[in-house]
Amino acid sequence: VQLQAYGGGLVQAGGFLRLSCAASERTFSSYAGGWFRQAPGKEREFVAAISVSGIRTDYADSVKGRFTIFRDNAKNTVYLQMNSLKPEDTAVYYCAAGLRPGFTWYSQIGEYAYWGQGTQVTVSS
């Protein structure tokens, strides 16, 4: 599965962006989807994840209440709506897809089999 993330950009603090992760195959609807981010000099960290059906979602504490992950399986796309952006949200955002059953692994980078190329999000103060 090839993933392409897009939608990043430069936004002022308090603003919003919507990231999209488009998959090359319809089988993407059988994968859990995740978003991770990596700021300069820091390790890649979990942001949000969504189950195959879209019913189950998980978020990092730092983005709860501000970010929403959702998906449209008919379009083979997972989205990340980011509101009330803060300068500390600045990072390269990556989408990923994983096939493991259940949801306890959603925040674990190593459990995702496929990754997109990343899209830069910059939040100015």
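This text follows the structure it describes.
Residues numbered from 1 in each chain as written. Predicted model: local features only at pLDDT ≥ 70, side-chain atom pairs only at ≥ 80, totals over all residues. Heavy atoms only, no water.

Novice: An account of the packing of aromatic side chains is needed here, citing residue identities and associated values.
Specialist: As enumerated under the stated definition, the model contains eight aromatic pairs in all. Residues Trp105 and Tyr106 carry aromatic rings whose centres are separated by 5.0 Å and whose planes lie at 90° to one another, so their mutual orientation is edge-to-face. Its relative accessible area of 0% is what places Trp105 among the buried residues. Using a relative accessible area of 3% as the deciding quantity, one classes Tyr106 as buried. In textbook terms, an aromatic cluster arises when at least three aromatic residues are bridged by ring pairs, as seen for Phe36, Phe46, Trp105, Tyr106, Tyr112 and Trp115. In this structure, Arg44 is placed above the aromatic ring of Tyr94, and the distance from its NZ or CZ to the ring centre is 3.6 Å. (Phe/Tyr/Trp six-rings, centres within 6.5 Å; stacked < 30°, edge-to-face > 60°. Buried < 20%, exposed > 50% of the residue type's maximum accessible area, 1.4 Å probe, protein only. Lys NZ or Arg CZ within 6 Å of the ring centre and 35° of its normal.)

Novice: Residues and numbers for the pairing of strand β9 (residues 91–98), please.
Specialist: With respect to burial, β9 is a largely interior element, seven of its eight residues being buried. Bridge analysis of strand β4 (residues 32–38) against β9 gives seven bridges, and the strand direction is antiparallel. Within β9, the position partnered with Gly33 by the bridge is Ala97. Direction of pairing for β9 relative to strand β11 (residues 119–124): antiparallel, over a ladder of three bridges. Along β11, the bridge assignment pairs Val92 with Gln120. (Helix = DSSP H or I, 4+ residues; strand = E, 2+ residues; numbered from the N terminus. Pairing = 2+ DSSP bridges.)

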